[in-house]
Amino acid sequence: MKKKLLAGSLAAVMAAAAFAGCSQGAQTKTAEEPAKKSETEVNLTRSGDEKVTLSFCWWGNQTRNDLTKKAVDLYMSNNPNVEIKVEFTDWTGYWDKLSAMAAGGNLPDIMQQDYGYLGSYQSSGQLADLSEFIDSGVIDTEKINKSVIDSSTIDGKCYGISSGVTALMMDYDKSIVEEAGVTIPQQMTFDELYDISQEIYEKTGARTYFDGGMNTLKYMARVNGSSLFEDINAGDDTSVKEHFALVEKFAQAEFAISPDVLAEKNPYVVETKPINDGTTWNDFSYCNQYISICSAAGRDLGITMYPTVEGKDTKPMYLQPAAFLSVAETSRNKEEAAKFINWFINSVECNEILMAERGMPVNTDVSEAIKPKADPVAQVVFDYVAEVNTVAGSVDPPEPEGRAEVDDLCNSIVENLRYGDITVEEATESFMTDAKRILDEAAK
């Protein structure tokens, strides 16, 4: 088994990003001086008379959309010569939209990019190199840990600035868990999750959702000390087979949510997650979505780490860039777009609005400035990321072109497994064969 969890560790990010005592306190606007801006905020405000129009596109839910639009409005009020036109959609629709925009040569000036898609858009020449704006100081990275910049650097060039760091989580309904009289460990094993799920179902009737998608598949490879795409290229199906076996085991359990209901209550869309109405007692996601999920569910939820496998000595949990802000290579206003990104990342005022919805701020001063102002729900995310930081391993390397098609392949196979249409062996063979073909074709 390979031991290649590559890439610089983002565990250092939290030491520098949210909780480090070595960073200087940020200057913020006080109640006694409501109209006065700090020197930092003044430097982040654009000057000039020329009119500039930028487009900004992101994926998200209603909470993210509302907060981001509010932040954009603040930027435009501080920079009256800049107009920012916004577009947003949910996760699935976003990538379809972005792909169509790329094909038409009209990508937005500023776009939200995901760690799993960054490499594909970079390799096809769609993203602008932001290194020149970092070198010139247009994008100030002084208070951003180098590992954050490294996470979006390919062949020595930076193609995005992370808006925050996040971590995988399993969230759960605290009232259902309390009714069942069970205790949720900070990190359980998959076997413990199975037993707890059975007990909760017997005592409350609440069903369990097991995430069979790419997040859990990649996570299983990490449990085994490897990375999924290296396994695919090497023809090593160990982790893939173990993953699909877990999908089948949980799907066949009496406590499992049915595939029909799961198709109706899409767990990948915040507003339709089955945990919202108590159909399931648990959910899998990234912790930067915790605030939005709680908002959609109408109640605070518990939070714990992804399960692991008994007896494994690896550290499968990791800190990952929550989302990048990138600039299109086709943009006619790259520097103006870079100025907005600089403000979005480094402005205390902006992040007092966003309040870690995209993950813990990567600017250390900003993170320390907003943490005391976080409401109880946001504070849960701060505390959770700090806990993950104590056990986090290195993040996997940026994913290769073709990963989106591999993601779709995984979802299709998992659906067939849940319906009992294929066996674990058939699922494994199909995935390994087709995933290798997809990656090979994408690399040509």
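Scope of this entry: the structure provided in the associated data block. Here the residue numbering is sequential within each chain, running from 1 through the sequence in written order. Reporting in this predicted model follows two pLDDT cut-offs: at least 70 for local features of residues, and 80 or more for side-chain atom pairs to be given and counted; totals over whole chains, interfaces and linings ignore these cut-offs and use all residues. The side-chain figures draw on all heavy atoms in the structure; neither hydrogens nor water molecules are used.

Moving on, we get to helix 9 (residues 190-204). A run of DSSP states H or I qualifies as a helix once it reaches four residues; a run of E qualifies as a strand once it reaches two. Both are numbered from the N-terminal end. Expected span of a helix, by definition, is 1.5 Å for each gap between consecutive residues, and there is one gap fewer than residues. Over its 15 residues, helix 9 extends 21 Å from the first C-alpha to the last, a length consistent with the 21 Å expected when each residue adds 1.5 Å. The classification of residues rests on relative accessible area computed with a 1.4 Å probe and restricted to protein chains. Under 20% of the type maximum is buried, over 50% is exposed, and intermediate values are partly exposed. Of the residues making up helix 9, those classed as buried are Phe190, Leu193, Ile196, Ser197, Gln198 and Ile200. Looking at the packing, one finds that the buried side of helix 9 touches strand 8 (168-172), helix 8 (174-180), helix 10 (214-223), helix 12 (238-252) and strand 9 (282-286). Positioned one or two residues after helix 9, Gly205 has a phi angle of 85 degrees, which is positive. Contact definition: two residues touch when any of their heavy atoms are within 4.5 Å.

This part takes up helix 10. Taking burial as the measure, the 10 residues of helix 10 include nine buried ones, the bulk of the element. Burial in helix 10 covers these residues: Met214, Thr216, Leu217, Lys218, Tyr219, Met220, Ala221, Arg222 and Val223. Phi for Gly225, located one or two positions after helix 10, is positive at around 75 degrees.

A few words on the packing of aromatic side chains. Think of it this way: a Phe, Tyr or Trp ring, Trp meaning its six-membered ring, pairs with another when their centres are within 6.5 Å, and the plane angle makes it stacked under 30 degrees, edge-to-face over 60, tilted otherwise. Inspection of the entire model under this criterion finds 27 aromatic pairs. Ring plane angle 65 degrees and centroid distance 6.1 Å describe the contact between Tyr209 and Phe284, whose orientation is recorded as edge-to-face. Of this pair, Tyr209 sits in the loop between helix 9 and helix 10 while Phe284 is found in strand 9, placing the two residues 75 residues apart along the sequence. Side by side, Tyr209 and Phe284 carry an identical accessibility label, which is buried. Ring pairing ties together the aromatic residues Phe190, Tyr194, Tyr209, Phe210, Tyr219, Phe250, Phe255, Phe284 and Tyr306, which thus form one cluster. For a lysine, the NZ atom is tested; for an arginine, the CZ atom; a charge sits over a ring if that atom is within 6 Å of the ring centre and within 35 degrees of the ring normal. Seen from the ring of Tyr194, Lys249 lies directly overhead, with NZ or CZ sitting 4.6 Å from the centre.

To obtain an axis, a line is fitted to C-alpha atoms, over the contacting stretch when the element is a helix, and the angle between two such axes runs from 0 to 180 degrees between their N-to-C directions. The N-to-C vectors of helix 3 (residues 62-78) and helix 15 (residues 334-346) enclose an angle of 120 degrees; their axes lie 11 Å apart at closest approach. One element, helix 3, and the other, helix 15, form an angle in the oblique class. Considering how the two elements wind past one another, helix 3 and helix 15 form a crossing that is right-handed. Contact with helix 3, carried on its side by Thr68, Ala71, Val72, Leu74, Tyr75 and Asn78, involves Lys339, Phe340, Trp343 and Phe344 of helix 15 and no other residues of that element. In this classification, Asp, Glu, Lys and Arg are treated as charged, Ala, Val, Leu, Ile, Met, Phe, Trp, Tyr, Cys and Pro as nonpolar, and every other residue, Gly included, as polar. Of the residues in the contact of helix 3 with helix 15, the class split is seven nonpolar, two polar and one charged. Throughout this description, any angle smaller than 35 degrees is read as roughly parallel, any larger than 145 degrees as roughly antiparallel, any in the 65 to 115 degree range as roughly perpendicular, and the remainder as oblique. Take the far helix as your reference; a near helix turned counterclockwise from it by less than a right angle gives a left-handed crossing, and one turned clockwise gives a right-handed crossing.

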